[in-house]
Amino acid sequence: MNSTNLAGGKSMQTKLQIGGFTFDLIFDDPMKYAPEEFSEKLDVLYGLLLFFQRKILINPNFPKDVQFHSLLHEILHLIGYLTGDKRLRSSTPQNEYFVDAVSGHLASIMLQNPHIFVPYLKEGESGNAD
Ligand SMILES: [Zn+2]
């Protein structure tokens, strides 16, 4: 399938740096990588974090805004692993609702207001330069 992805359609895989770790960010159907207990229960996955394999999967068969939401969702789970915050890390229905609400609203705010966020994201404009 030729869907565009957050990597700009150039590559289906890139790297994500976080907290001293490097994760492979892969735009592919997460179901192919999911453990059996996931694939037996669910018909579709928007994203998947495989923390110990250092992989994040994002399903490229959804629109870009959905992919962005999914990416932030998986990043919040990742932050849960790094900080030990169980509400972010463990996948109970209540925690998933919380993670999804935060990631969904952050994605929506950023997508609706890129003029606020883009200047912070431009390379060489981080404010850390000498
Ligand atoms: Zn989740």
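The structure this text deals with has already been given above.
Report follows, based on the coordinates. Model, not experiment: these values are computed from the prediction.

Moving on: the overall build of the chain. What the chain contains, in helices and strands, is five helices and four strands. Helices (α) and strands (β) of the chain occur, in sequence order from the N terminus, as β-β-α-β-β-α-α-α-α. Relative to its full complement of 130 residues, the chain shows a buried share of 22%.

The strand order across the open sheet built from four strands is 1-2-4-3, with neighbouring strands paired in mixed fashion. With partners counted over all chains shown, the strands left at the sheet margins are strand 1 (13-18) and strand 3 (47-50), one partner each. Going from strand to strand, the sheet's axes swing by 20° on average, the running direction of each strand aside. Looking at chain direction, strand 3 and strand 4 (residues 55-58) are connected through four bridges and run antiparallel. Following the sheet pairing, L50 is matched in strand 4 by K55. Sheet strands touched by helix 2 (residues 64-83): strand 1, strand 3 and strand 4. Its angle to strand 3, the strand with the most contacts, is close to 25°.

To continue, consider the nonpolar core. Counting residues in hydrophobic clusters, the biggest one holds 15 residues, and the most contacted among them are L25, I56, L57 and I58. Mapped by element, the contributors of at least two residues to this core are strand 2 (21-27), strand 3, strand 4 and helix 2. At five residues, helix 2 tops the list of elements feeding residues into this core.

With respect to burial, strand 1 is a largely exposed element, only zero of its six residues being buried. Taken together, the six bridges between strand 1 and strand 2 define a ladder with antiparallel strand orientation. Within strand 2, the residue paired with T14 across the bridge is L25. What sits between strand 1 and strand 2 in their antiparallel hairpin is a turn of two residues, with G19 showing a positive phi close to 50°.

Parameters and conventions
- Residues numbered from 1 in each chain as written.
- Predicted model: local features only at pLDDT ≥ 70, side-chain atom pairs only at ≥ 80, totals over all residues.
- Helix = DSSP H or I, 4+ residues; strand = E, 2+ residues; numbered from the N terminus.
- Buried ≥ 20, exposed ≤ 12 C-beta atoms within 10 Å, placed from the backbone.
- Pairing = 2+ DSSP bridges.
- Axes fitted to C-alpha atoms, helices over the stretch in contact; angles between N-to-C directions.
- Contact = placed C-beta atoms within 7 Å.
- Core = buried A, V, L, I, M, F, W, Y, C linked by C-beta atoms within 7 Å.

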